[in-house]
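Observations on the model geometry
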Amino acid sequence: MCEEAIVETLVKTGIIGLDEVLMGGVPRNNNLIVEGAPGSGKTTLGLGFIYAGAAYYGEPGAIISFELDPQKLLRDAAGFNWPMQELIDQGKIKIIQTSPAVLLNEFRSSDGVLTSVLQELGARRLLIDGLTPIRLYAEVHDIPFREDVHLLIEGLTRLGVTTMVTAEQDEGVNGVYPHERFVFDTIISLTREEKQRRVHRRLTVLKSRGQEFIGGSHTMRIEKDVGIHVYRRAQSRPVTSDDQPTSSERLSTGSNTIDCMMDGGIYQGSVTMVTGISGTGKTVFGVQFLTSAIKAGHKTLLVSLDEHPRQLIRNASSLGFDLEGHVAAGELFIHYESPLELELDVHFDRIIKLVDEHGIDCVVFDSVAVYEMTSREEVADYLYALATFFKDRLATILFNYESPELLGISQISEELKGSHLVDNIILLNYVEISTQLRRAIAIPKVRGSRIHQVTREYLIGEGGLLLVDEEPVDDTATVPQLPFSSYYGLLSRSPSRTSPSIEVAVAQGKKLPDSPELPVEPAS
């Protein structure tokens, strides 16, 4: 069957994000089972399925409930701003409250009352909430539940509707799955777990006959005025082309000297990791880069996971950056999310929608260490997903990462393992010389470039990172605070250098000479 014909036979569930996971919907007349623990969102998903069909797709639907009375279902629907009562009054939805015994008896006949009601309604969708009461009925009356399930499936097939049935999660005994998992066409599993005192919901399509779908666990939320919202897992984003776009154009970092160290700047469409401990200027460097990109005509985005936008704007203003003006002009977008309730799939979805809507092609993430805090198990795959998405669009991105080491960098991150993922690496850190902490920049990796692998000193002042000129101090009467080119072991951030004046003073037991004045950072 051709792809167009397959799409025409698919029924859109109307659940935001779920149809994307199902690659368009479910095959018409499939029987779906939605399983999950209490509170996982089964009934809400079912109500949304029926409401969307009647409200948006011209498909009337019926709801069969064993436990909840119609008023409670209407109340729950009203909580999501779904005017279910209006659709009932219009003859597009019908709620039927019955018992398992009555329902099963209806399915034993091809012309029962239920069949007549559905035909009168013109029903195309049916929700049975839920399967567990039928199981309990079979157990109480010593009836094999397997027979009831087959009776249910045969009856649903005769009705010619797309049916969703909810069921309590049951993993079976000794690894044997419940029989209904084998006879239903589509299985959707909902899970709810508490992690670090936060609730995380997941949706997984375990199987769906007659179609392709995106496997794996997807983030799910129950949102106001929306109901169920499924956020496709970030790692499943398709590559738009086998031929990755590549450019020879370079973007300036905002510093001519740093551009020179990188053999001309950052390639458009590349991924750069800027790492260093707090206070070394990672955010400043990111703002400096975005400001330069704006001057070159690019649309930019700053994804902040550490600082609120108002604080960012204030701090940047003290260094001469007018972020507020760029935001007002539509040249810069600042997306802030608190790390306290961050969910990676939701975060990814918001970012890509912002990027696609506004044509953004330069992005700074400040700081990706928050992703590591959110999920150590997923962070590496998540960064791959981000990098792939932006590379496919020839967008240039910077990942700021906060190193936990004050002096020196033994590794970027044990869990992140992102050094091989990125095209460029910029190291910012402190160097201790005598009793002074001085800032140092080194660029050990720039793909496709002949880089200057030297460590340079920099200050933070008006305009961002300012590299210090290498002018030696000629004063043998003091402890020399010389340019970095006079030292060894700078990358370890514990450099050593032999000083004649110090050796003489130590040998003769005299007072060590004083240090000269260091260059000070410009006043902000």
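Attention in this report is confined to the structure presented alongside it. Computed from a predicted structure; not experimentally measured. (Residues numbered from 1 in each chain as written. Predicted model: local features only at pLDDT ≥ 70, side-chain atom pairs only at ≥ 80, totals over all residues. Heavy atoms only, no water.)

For the rest of this paragraph, the subject is the overall build of the protein chain. Check the secondary structure of the protein chain and you find 18 helices and 22 strands. Taking all 524 residues of the protein chain together, 53% fall into the buried category. Here the analysis covers contacts within the protein chain between residues at least 6 apart in sequence; of these, 69% occur between residues at least 24 apart. (Helix = DSSP H or I, 4+ residues; strand = E, 2+ residues; numbered from the N terminus. Buried < 20%, exposed > 50% of the residue type's maximum accessible area, 1.4 Å probe, protein only. Contact = heavy atoms within 4.5 Å.)

So, on to the nonpolar core. Formed by 37 residues in total, the largest nonpolar core has its most connected members in Leu301, Phe365, Tyr371, Leu386, Phe390 and Phe399. Elements that contribute at least two residues to this core include exactly strand S14 (271-276), strand S15 (300-304), helix H15 (344-358), strand S17 (362-366), helix H16 (369-374), helix H17 (379-392), strand S18 (396-402) and strand S19 (424-433). Broken down by element, the residue count for this core peaks at eight residues, all from H17. Once residues lying within four places of it in the same chain are set aside, the contact partners of phenylalanine 365 are Val303, Ile351, Tyr371, Leu386, Phe390, Ile397, Leu398, Phe399 and Asn400. (Core = buried A, V, L, I, M, F, W, Y, C linked by side-chain atoms within 4.5 Å.)

The next subject is the pattern of salt bridges. For side chains of opposite charge, pairing can occur when their charged atoms come near one another. Overall, the coordinates contain 18 salt bridges when judged by the stated rule. In this structure, the salt-bridge partner of lysine 42 is glutamate 168, at a minimum N-O distance of 3.9 Å. One end of the pair, lysine 42, is in helix H3 (residues 42-56); the other, glutamate 168, is in strand S7 (residues 162-168), with 126 residues separating them in the sequence. Between glutamate 337 and arginine 350 there is a salt bridge, with its nearest N and O atoms 3.1 Å apart. One end of the pair, glutamate 337, is in the loop between strand S16 (332-336) and H15; the other, arginine 350, is in helix H15, with 13 residues separating them in the sequence. (Salt bridge = Lys/Arg side-chain N within 4 Å of Asp/Glu carboxyl O.)

Turning our attention to the side chain of glutamate 457. Along the chain, glutamate 457 falls in strand S21 (residues 455-461). A distance of 2.8 Å separates the side chain of glutamate 457 from the side chain of arginine 438, its partner in a polar contact. Those residues in contact with glutamate 457, other than ones at most four positions away along the chain, are Arg438, Arg439, Leu466, Leu467, Val468 and Phe484. (Polar contact = N/O pair within 3.5 Å; in protein donor to acceptor, adjacent residues only side chain to side chain.)

Since the α-helix advances by 3.6 residues per turn, residues separated by three or four positions end up pointing in the same direction. The first and last C-alpha atoms of helix H9 (residues 145-159) sit 21 Å apart over 15 residues, in line with the 21 Å expected at 1.5 Å per residue. Restricting attention to buried positions, one finds in H9 the residues Phe145, Asp148, Val149, Leu151, Leu152, Ile153, Gly155, Leu156 and Leu159. Looking one or two places after H9, you find glycine 160, whose phi comes out positive at around 70 degrees. (Expected span 1.5 Å × (residues − 1).)

As summarised here, the arrangement of the nine strands in space is S5-S4-S6-S7-S3-S8-S9-S10-S11, forming an open sheet in which the pairing is mixed. At either end of the open sheet lies a strand with only one pairing partner, and these are strand S5 (93-97) and strand S11 (227-231). Across the sheet, the mean angle separating the axes of adjacent strands is 25 degrees when strand polarity is ignored. Both strand S6 (residues 125-129) and S7 contribute to a ladder of five bridges, which runs parallel. In the sheet register, aspartate 129 faces S7, and the bridge partner there is threonine 166. Sheet strands in contact with helix H4 (residues 70-78) are strand S4 (61-65) and S5, and its direction is about 140 degrees off that of S5. Across the sheet, H9 touches strand S3 (31-36), S6 and S7, and the angle it forms with S6 is around 155 degrees. (Pairing = 2+ DSSP bridges. Axes fitted to C-alpha atoms, helices over the stretch in contact; angles between N-to-C directions.)

Moving on, we come to the sheet that holds S17. Taken together, the nine strands give an open sheet; going across it, the order is S16-S15-S17-S18-S14-S19-S20-S21-S22, and neighbouring strands pair in mixed fashion. In this open sheet, the two edge strands, each paired with only one partner strand, are S16 and strand S22 (464-467). Between one strand axis and the next, the sheet turns by 25 degrees as a mean value, whatever way the strands run. Of the strand pairs in this sheet, S14 and S18 are connected by six bridges, and their pairing is parallel. Residue pairing across strands places methionine 273 opposite phenylalanine 399, the latter belonging to S18. Contacts between helix H13 (residues 309-317) and the sheet are confined to S15 and S16, with S16 contributing the most and set at about 130 degrees to the helix.

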